[in-house]
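Examination of the molecular architecture
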Amino acid sequence: MDVSRRTLIVGGTSAILGAGVGAGITGLVTADRTGPTLWQRADRSGAPPVNGLHLQYGADAAAEVVVSWHTAAAVNNPRVMVGTPDDGVGRTVAAETVTYRDAASQTEIRVHHTKLTGLAPDSDYVYAAVHDGASPEVGTVRTAPRGRAPLRFTSFGDQSTPALDAMVASAFGSDNRGSPSAGDITTAVERVSPLFNLVNGDLCYANLSHDRIRTWSDWFENNSRSARYRPWMPAAGNHENELGNGPIGYGAYQAYFALPDSGSDSELRGLWYAFTAGSVRVISLANDDVCYQDGGNSYVRGYSGGAQKRWLEQELERTRNDNAIDWIVVCMHQTAVSTGERTNGADLGIRENWLPLFDRFGVDLVVCGHEHHYERTHGIRGTLPTDTLTPNPVDAQPDHIDTSKGTVHLVIGGGGTSIPSNKMLFPEPRCEVLMSVGDVNPKTGQKTPRYVQEAAPWSVFRDRDNPCGFVAFDVDPGQPGGDTSMAATYFAVNGPLGEVTPVDKFTMTRPRRDKRG
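What counts, and where the lines are drawn
Residues numbered from 1 in each chain as written. Predicted model: local features only at pLDDT ≥ 70, side-chain atom pairs only at ≥ 80, totals over all residues. Heavy atoms only, no water. Helix = DSSP H or I, 4+ residues; strand = E, 2+ residues; numbered from the N terminus. Disulfide = S-S within 2.5 Å. Pairing = 2+ DSSP bridges. Axes fitted to C-alpha atoms, helices over the stretch in contact; angles between N-to-C directions. Contact = heavy atoms within 4.5 Å. Core = buried A, V, L, I, M, F, W, Y, C linked by side-chain atoms within 4.5 Å. Buried < 20%, exposed > 50% of the residue type's maximum accessible area, 1.4 Å probe, protein only. Domains from an automatic or database assignment. Phe/Tyr/Trp six-rings, centres within 6.5 Å; stacked < 30°, edge-to-face > 60°. Lys NZ or Arg CZ within 6 Å of the ring centre and 35° of its normal. 1 Å grid on protein atoms, 1.4 Å probe; cavity = no way out; pocket = protein on both sides within 12 Å on 5 of 7 lines; lining within 4 Å. Points joined across faces, edges and corners; volume = space filled by probe spheres on them. Nonpolar A, V, L, I, M, F, W, Y, C, P; charged D, E, K, R; others polar. Polar contact = N/O pair within 3.5 Å; in protein donor to acceptor, adjacent residues only side chain to side chain. Salt bridge = Lys/Arg side-chain N within 4 Å of Asp/Glu carboxyl O. Expected span 1.5 Å × (residues − 1). Arc of directions from axis to C-beta.

Per an unreviewed UniProt entry, the protein goes by the name 3',5'-cyclic AMP phosphodiesterase CpdA and belongs to Mycolicibacterium moriokaense.

Turning our eyes to something else, we now look at unusual backbone geometry. Phi angles above zero are rare outside glycine, and serine 160 is one such case at about 75°. Within the secondary structure, serine 160 is located in the loop between strand S9 (151-156) and helix H2 (166-171).

So, on to the state of the cysteines. Considering all chains together, one arrives at zero disulfides under this definition. Cysteine cysteine 368 is unpaired, with the sulfur of cysteine 331 as its nearest cysteine sulfur at 8.2 Å.

Turning our eyes to something else, we now look at the sheet that holds strand S13 (residues 280-284). If you trace the seven strands from one edge of the open sheet to the other, you get S12-S13-S14-S16-S21-S17-S24, paired in mixed fashion. Both edges of this open sheet fall to strand S12 (273-277) and strand S24 (459-463), since each of them pairs with a single strand only. The sheet shows a mean angle of 15° between the axes of neighbouring strands, direction not considered. As paired elements, strand S14 (residues 327-331) and strand S16 (residues 365-368) share three bridges and run parallel to each other. Across the sheet, cysteine 331 pairs through a bridge with valine 367, a residue of S16. Helix-sheet contacts for helix H6 (residues 307-320) involve S12, S13 and S14, and the interaxial angle to S13 is about 175°.

We now examine the pairing of strand S23 (residues 446-455). Bridge analysis of strand S22 (residues 430-441) against S23 gives nine bridges, and the strand direction is antiparallel. Each bridged residue has a counterpart across the sheet, and for arginine 430 the counterpart in S23 is alanine 455. Hairpin remark: S22 followed by S23, antiparallel, with four residues in the connecting loop; positive phi at glycine 445, about 75°.

A separate point is the nonpolar core. Core analysis: the biggest nonpolar cluster contains 108 residues, and Trp216 and Phe358 have the highest contact counts within it. If you count residues domain by domain, this core takes at least three from each of domain 1 (47-143) and domain 2 (145-515). For phenylalanine 358, the residues in contact, after removing those within four places along its chain, are Leu285, Leu312, Leu316, Val330, Met332, Val363, Val366, Thr407 and His409. Formed by twelve residues, the second largest nonpolar core is a distinct cluster that contains Ala346, Leu348, Ile380 and Trp458.

Let's shift gears to the packing of aromatic side chains. Overall, the coordinates contain 20 aromatic pairs when judged by the stated rule. Pairwise contacts between aromatic rings join Tyr100, Phe156, Trp216, Trp219, Phe220, Trp232, Tyr253, Tyr256 and Phe257 into one cluster. Note that arginine 301 overlies the ring of tyrosine 292, its terminal NZ or CZ placed 3.9 Å from the centroid.

Turning our eyes to something else, we now look at the layout of surface pockets. A water-sized probe rolled over the atoms picks out the places where empty space is left. Considering only enclosed or pocket space, the largest pocket measures out at about 570 Å³ in volume. Asn238, His239, Gln293, Asn344 and His372 are, among the 31 residues lining the largest pocket, the residues nearest its centre. The residue inventory of the lining of the largest pocket, partitioned by class, reads six nonpolar, 18 polar and seven charged. Quantified by volume, the second largest pocket comes out at close to 470 Å³.

Attention now moves to the sheet that holds strand S4 (residues 88-94). Read across the sheet, four strands follow the order S4-S3-S7-S8 without closing on themselves; strand pairing throughout is antiparallel. With one partner strand each, in any of the chains shown, S4 and strand S8 (137-142) form the two edges of the open sheet. Each adjacent strand pair in this sheet contributes to an overall mean axis angle of 30°, direction not counted. The sheet contact formed by strand S3 (residues 79-84) and strand S7 (residues 124-130) spans five bridges and is antiparallel. Each residue of the ladder has a partner; that of valine 82, found in S7, is tyrosine 127.

Here serine 179 lies in the loop between H2 and helix H3 (181-192). Within the structure, serine 179 has its side chain in polar contact with the backbone oxygen of glycine 416 (distance 2.5 Å). Residues in contact with serine 179, not counting those within four places in the same chain, are Ser160, Thr161, Pro162, Ala163, Gly416, Thr417 and Ser418.

Turning to the pattern of salt bridges, a few remarks are in order. For the structure on display, the rule yields 25 salt bridges. A salt bridge links arginine 351 to glutamate 454; the nearest nitrogen and oxygen atoms lie 2.9 Å apart. Of the two residues, arginine 351 is situated in helix H7 (residues 348-353) and glutamate 454 in strand S23; the sequence distance between them amounts to 103 residues. Assessed through its relative accessible area of 2%, arginine 351 is described here as buried. Residue glutamate 454 is classed as buried on the basis of its relative accessible area of 5%. Through salt bridges that share partners, Arg148, Asp326, Arg512 and Asp514 make up one connected network.

This paragraph deals with H6. End to end, H6 covers 20 Å across 14 residues, agreeing with the expected 20 Å (1.5 Å per residue, within 8%). Along H6, the residues classified as buried are Gln308, Trp311, Leu312, Glu315, Leu316, Thr319 and Arg320. For H6, the arc enclosing every buried residue in end-on projection is 145°, short of the 170-degree limit, so these residues lie on one face. Residues of H6 that are buried sit in contact with S12, S13, S14, helix H8 (355-361) and strand S27 (499-511).

What follows is the structure, encoded as structure tokens:
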């Protein structure tokens, strides 16, 4: 089947466009019907529909994209038809199917991943995902530029799924941990049209739900209206840890996403990875491996046996020695910094394991979640002489930070969770650091945390007013031999139309790697 001259006539597409979302496809859907059309009709032969359509980048975002969807039943011939807006979807690529069985419900889920390779950098593509007997679902994607070029990406964590007020939802028999904001933020991200979106862990909180399959399905159903047009690249959070699902509890997460290969063992596949977009190298980490906090369905600290840390050190060394890469961005869930007073706090395990490597190799930016509010630090490098390894602020400029001197940490955990923490901050910047854990508390079923309170000289901005928001980053490559910059804007999100209000703006700069002298 061919789709020519930018004509994609698909049932449901016009409704999406009329709602003002799915902006990535707006310029690719026209009223020109001179060529063949791709149209939606009722599924044949009882085949399940294409559910949860979403994208991921490969390790080289300029040339590799993965198209994914899931079904509860087995299907025949899952595939993606792909092409350019001008030439239509002329190439067909078969999908590989990954299956996992949810330990709680004993339901099997099949996830179909189609890896598209050999794509042209900085180019638009149209595609249709389909399997025998189903109607195709369409999307568009833009590959990343290769080399230094402007680009935009966004980031937030701790989303959950769109839901009514918790008390109302419970009256209908739902144990969903979400809120209406979980839907609003997806609409808001589409307003700014990033190249890709980083999801900083705790995607849907399935491990707290009675029906984990439904919760994952709800998350993809909500976010497909964005994630079918731009890759949503996740980090594993503590609420991705589900009892009985896989050797260490991440079986569902590992099945739903086909992320760049880190060379890890099969049971650790996809838990940490990296990809390059333009002059930005993004590294995603799985912090439960090093955190002291017991925050998932099972306590898995140290599960990689040091493999993740060894990989990270090698990855950072390679990246910092690559003169084509200016920016190193780390995406992870739990955080090394927090001024929350009655929250999870900062975790000493991150300060012990990750921060020395961030300092050694000059990581520019760290985006986290876990704490359900927004805050940011000065540039930090090294530690103060404390038992808590307090991060040392090195750049006093609040709004213009030279990241070659220190790493900026952002907590962006107001992605829609029903338990925001913006009203739970210390009056003056202080930090509770989780130093260790004790015996299991029979009331919670988790190990008892031990906290130590410290000053927070690294704190520069905290949003007390807004429970939901995300950050947009605009990379300016600068001129050869000069400096490059990354402008960041934290947007608060309000209402079902995804209205955004800029709350915090700052700019990071650093010398380009091709700078001499």
